[in-house]
Amino acid sequence: MEFIDDEAGGGVPALRTSRLGRRYGRVWGLRDCTLEVPAGAVAALVGPNGAGKTTLLEMIIGLLEPTDGQVSVFGETSRADTAQALARVGYVAQDHPLYRDFTIADMFHLGRTMNPRWDQELAAARMDALSIPLQRKVKSLSGGQRAQVSLTMALAKRAPLLVLDEPVSSLDPVARLEFMRDVMASAAGTDLTFLISSHVVSELERFCDWLIVLAGGRVQLAGPAGDLLAAHQLLTVPRSTADAELPGTAIYRTDNDSPGGQHHTVLVRADPVQLTAQRRPGWQADPVSFEQLVMAYLQRTPRPGPTMKAVTR
Amino acid sequence: MIWVSWRQHRSQAIGCLALLAALAVYAILVGSSMRTAFGNDALTGCLARSQGTGCPNAVTAFMNEFGSEVNIAFWSVTLIVPGLIGVLVGAPLIARELEYGTWRLAWSQTVPRVRWLTVKLALVTGGLIVLGAAITAVITWYRAPMDQLTGHLQHNIYDFEGLVPTAYILCAFGFAVLAGLLIRRSIPAMIAAFIPWLAIRLVVEFVFRPHFMTPLTVQVNCPPTNACSTGISSVPQATGHIGDWVLGMNRNGFIYQPADRFWPFQFIEAGIFVALTAAALGATIWLLHRRAAWTA
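What you are looking at is a predicted structure, and each value in this text was computed from that prediction instead of being measured.

Draft legend 1. Looking closely at the overall build of chain B. Counting secondary structure elements, chain B contains 10 helices and 3 strands. Ordered by position in the sequence, the α and β elements of chain B form the string α-α-α-α-α-α-α-α-α-β-β-β-α. Seen through its C-alpha atoms, chain B measures out along the principal axes to roughly 75 × 45 × 25 Å. In chain B, which comprises 296 residues, the share counted as buried stands at 39%.

Below, the structure written as structure tokens:
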């Protein structure tokens, strides 16, 4: 696939937000959000319900206007609700909304008339590969099939950035896996950038190479998944060890250890060199898993965060 | 967008055509026999020559046979039909998208939502104007003989002819589209739009319409042998001219609006309802444009 934005060069990030914020009345749904996602990345946006994920995604798409800051897609500032901003982002909304009394062919016809770069061949070929007849009515489709039709519409729009909001939360485990595999297959061999939100970490772990952790309306952690994993260690240290004695930054200290245990497990942000230099006898260092990393950052965020679902719905 | 609008409103369009077809069949069946009877009784010439005073028996016979066609109770109920058409078409236009979450799909394609809305509104409004004009044409044709006896400035006749039926439909439609955006649910939006529509409709009809233009006064001028009256199809009319709309009496005579004010009245009343429609639809477009600033 080729996109207009190819000419912009490899250095322009697919997505950049700077001090992006959005307030609903007196509550901030998202605040001071600065991040970058490089072109071609498959980025996971992880956070609990009400963390501000949908708020962030809707500002990226142009459905929502920021209260503060800016969002740019492939180097161009998105203003809410302009054709240029809308053309740059393909969107798979939560729960995969489609018109119930439309056939799939009707949905694609809608896509064709509402998107100048619509790829009908791609859309038809995908339905063919999934053995879903185009004459089926939307209301007769299973949840997994609806998700596939939604994804197909977003892909056929031929936007360089695809935003998927909780794409698998309404699916059963088998359909979840199939859907994510399908997303990966469509990403392979293209320069498409994906931003996929979820409140379940394990769904995204094996598919994503970029990680953004959002909680309480703020970005807690963002970067390449591999680098982030390498930069964090799980240290098992004596209970008496103060944070100041630890190498790097202590992120989260677990309270639950073995009965009568004299040790704590602490997640620290420290590179291996730092760790080796400051390591003391009796400390045990372990690599951290994707899920442990995300959970540590989520758990250290004060609760309760602002629950935006109640406001946005 | 044109195809999308058509596809989403296709079933409503078919429903409206079915309604129109049923009305046309009824109008042709009853209207034809009414025309035949009117011609047989040679009423046209009599009415033109003498305002009906020369042929009271023929008038009475015609009214006995077809008088129920101007039955006030029936047409009073029918006056809500334009409102029902308007709210049924208008309320789901935005509310259904909000109810089913499909706004996220509709407004994330490469068409800004204001354009999405204006194209839809233009096409649906156009369709409703065609429907209103067609309904009005059918009713006007069907009632043409009767109107020669009654004029068409009276309540329940005026409201189904000329420009106002279409304007009533548009106004209910505009209110319902706006209510759908504000309330976000189709059925409550229909109710919320219909009630003010009906209130305004009745206030305009009974409070403002009699004073659109300054009424005239005429001396009571009845032949002593032939008591005259002011009701629909009474011959002879107390004002001396069929179709005058008598508002009341004072010591100088009857206060009335002359029959030839039909078109000025139609333009004034249609203007009021079209202005209300424009205000409601303008507010809807502005609110949808600003919606990104308040909530997605």
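Anyway, onward from the coordinates.
Draft legend 2. Structural detail: the pairing of strand β8 (residues 193-198) of chain A. All names here are of chain A. β8 sits mainly inside the fold: 6 of its 6 residues count as buried. Across the two faces of β8 the burial is the same, with Thr 193, Leu 195 and Ser 197 and Phe 194, Ile 196 and Ser 198 all buried. The sheet contact formed by strand β3 (residues 42-46) and β8 spans 5 bridges and is parallel. Across the sheet, residue Val 42 finds its bridge partner in β8, namely Phe 194. Relative to β8, strand β7 (residues 161-164) is paired through 4 bridges, and the arrangement is parallel. Following the sheet pairing, Leu 161 is matched in β8 by Thr 193.

Draft legend 3. Structural detail: the sheet that holds strand β1 (residues 216-218) of chain B. All names here are of chain B. With respect to topology, 3 strands assemble into an open sheet ordered β1-β3-β2, the strand pairing being antiparallel. The open sheet terminates on both sides in strands that have one partner only, identified here as β1 and β2 (245-250). Looking at each pair of strands side by side, their axes are set apart by 35° on average, direction ignored. As paired elements, β1 and strand β3 (residues 253-257) share 3 bridges and run antiparallel to each other. By the bridge assignment for β3, Val 218 is matched with Phe 254.

Draft legend 4. Spotlight on helix α9 (residues 186-208) of chain B. Residue and element names in this part refer to chain B. Between its first and last C-alpha atoms α9 spans 31 Å; for 23 residues at 1.5 Å apiece the expected length is 33 Å, and the two agree. Within the span of α9, buried status applies to Ser 186, Ala 189, Met 190, Ala 192, Ala 193, Phe 194, Trp 197 and Arg 201. At its buried positions, α9 is contacted by α5 (81-100) and α8 (164-183).

Draft legend 5. Structural view of the domain arrangement of chain A. All names here are of chain A. As assigned here, chain A comprises domain 1 (4-226) and domain 2 (231-299). Taken over C-alpha atoms, the centre of domain 1 sits 35 Å from the centre of domain 2. At the interface, 10 residues of domain 1 touch 5 residues of domain 2. The residue makeup of the side of domain 1 that touches domain 2, split by class, is 7 nonpolar, 2 polar and 1 charged.

Draft legend 6. The sheet that holds strand β4 (residues 68-73) of chain A, seen in detail. Residues and elements named next belong to chain A. Ordered by their spatial adjacency, 4 strands build an open sheet running β2-β1-β4-β5, and the pairing between neighbours is antiparallel. Edge positions in the sheet fall to β2 (27-37) and β5 (76-77), since each has one partner strand and no second. Across 7 bridges, strand β1 (residues 15-24) lies against β2 in antiparallel orientation. Within β2, the position partnered with Leu 20 by the bridge is Cys 33.

Draft legend 7. Focus on the confidence of the model for chain B. Mean pLDDT for chain B: 88, with 91% of residues reaching 70 or above. The complex prediction reports pTM at 0.88, with the ipTM value standing at 0.86.

Draft legend 8. Here's a closer look at the environment of B:Leu131. Residues and elements named next belong to chain B. One can find Leu 131 in helix α7 (residues 113-150). With 21 C-beta atoms packed within 10 Å, Leu 131 lands in the buried category. For Leu 131 and Thr 36, which are 95 residues apart along the polypeptide, the C-alpha to C-alpha distance reads 28 Å. Once you skip the residues sitting within four places of it in the chain, Leu 131 turns out to touch Cys 16 and Leu 20.

Draft legend 9. Here's a closer look at α7(B). Residue B:Ala144 marks the point of greatest curvature in α7(B), where the axis turns by about 65°; the proline B:Pro145 follows within four residues. Two residues or fewer after α7(B) comes B:Gly151, characterised by a positive phi angle close to 70°.

Draft legend 10. Local environment of the interface of chain B and chain A. Each partner contributes to the interface: chain B provides 20 residues, whereas chain A provides 25 residues. Contributions of two or more residues to the side of chain B that touches chain A are made by α1 (2-40), α6 (103-106) and α10 (262-294) of chain B.

Draft legend 11. Structural detail: unusual backbone geometry. Residues and elements named next belong to chain A. Notably, Ser 131 is not glycine yet its phi reads approximately 55°, a positive angle. Residue position: Ser 131 is located in the loop between α4 (120-129) and α5 (143-156). Phi at Glu 166 takes a positive value of approximately 45°, unusual for a residue other than glycine. For Glu 166, the location among the structural elements is in the loop between β7 and α6 (173-187). In this structure Glu 166 comes out as buried when scored by C-beta crowding, with 22 C-beta atoms within 10 Å.

Draft legend 12. Expanded view of the confidence of the model for chain A. Residue and element names in this part refer to chain A. Overall, the predicted model of chain A reaches an average pLDDT of 85, with 91% of residues at or above 70. The model gives residues 1-9 a pLDDT under 50, and that stretch makes 7 contacts with residues more than four places away or in other chains. Taken together, the stretch residues 305-313 has pLDDT below 50 and engages in 24 contacts with residues farther than four places along the chain or on a different chain.

Draft legend 13. Inspection of the environment of A:Asp227 at higher detail. In this fold, A:Asp227 is placed in helix α7 (residues 225-230). Sequence separation between A:Asp227 and A:Asp271 is 44 residues, and the spatial gap between their C-alpha atoms is 9.8 Å.

Draft legend 14. Up close: the environment of B:Tyr142. Residue placement: B:Tyr142 occurs in helix α7. In this structure, the C-alpha to C-alpha distance between B:Tyr142 and B:Arg7, residues 135 residues apart in sequence, is 33 Å.

Draft legend 15. Summary view of the packing of helix α3 (residues 104-114) of chain A against α1(B). At a closest axis distance of 8 Å, the pairing of α3(A) and α1(B) adopts a crossing angle of 150°. In terms of their interaxial angle, α3(A) and α1(B) are classed as roughly antiparallel. When α3(A) is examined against α1(B), the residues A:Asp106, A:His109, A:Leu110, A:Thr113 and A:Met114 are found in contact with a partner set consisting of B:Trp3, B:Val4 and B:Arg7. Classifying every residue of the contact of α3(A) with α1(B) gives 4 nonpolar, 2 polar and 2 charged.

Draft legend 16. Main features of the nonpolar core. Grouped together as the largest cluster of nonpolar side chains are 147 residues, with contacts concentrated most on A:Ala43, B:Ala172, B:Ala176 and B:Ala193. Examining the composition of this core, we find that 15 residues originate from one element, α8(B), more than from any other. Contacts of B:Ala172, omitting those with residues within four sequence positions, involve B:Pro82, B:Gly83, B:Gly86, B:Val87, B:Gly90, B:Ala193, B:Phe194 and B:Trp197. Counting 9 residues, the second largest nonpolar core, distinct from the first, contains B:Met34, B:Val59, B:Phe62 and B:Met146.

Rules and cut-offs
Residues numbered from 1 in each chain as written. Chains lettered and ligands numbered in written order. Predicted model: local features only at pLDDT ≥ 70, side-chain atom pairs only at ≥ 80, totals over all residues. Helix = DSSP H or I, 4+ residues; strand = E, 2+ residues; numbered from the N terminus. Buried ≥ 20, exposed ≤ 12 C-beta atoms within 10 Å, placed from the backbone. Pairing = 2+ DSSP bridges. Axes fitted to C-alpha atoms, helices over the stretch in contact; angles between N-to-C directions. Expected span 1.5 Å × (residues − 1). Contact = placed C-beta atoms within 7 Å. Domains from an automatic or database assignment. Nonpolar A, V, L, I, M, F, W, Y, C, P; charged D, E, K, R; others polar. pLDDT = per-residue confidence, 0-100. Bend = angle between axes of the 7 residues up to and from the residue. Parallel < 35°, antiparallel > 145°, perpendicular 65-115°, else oblique. Core = buried A, V, L, I, M, F, W, Y, C linked by C-beta atoms within 7 Å.

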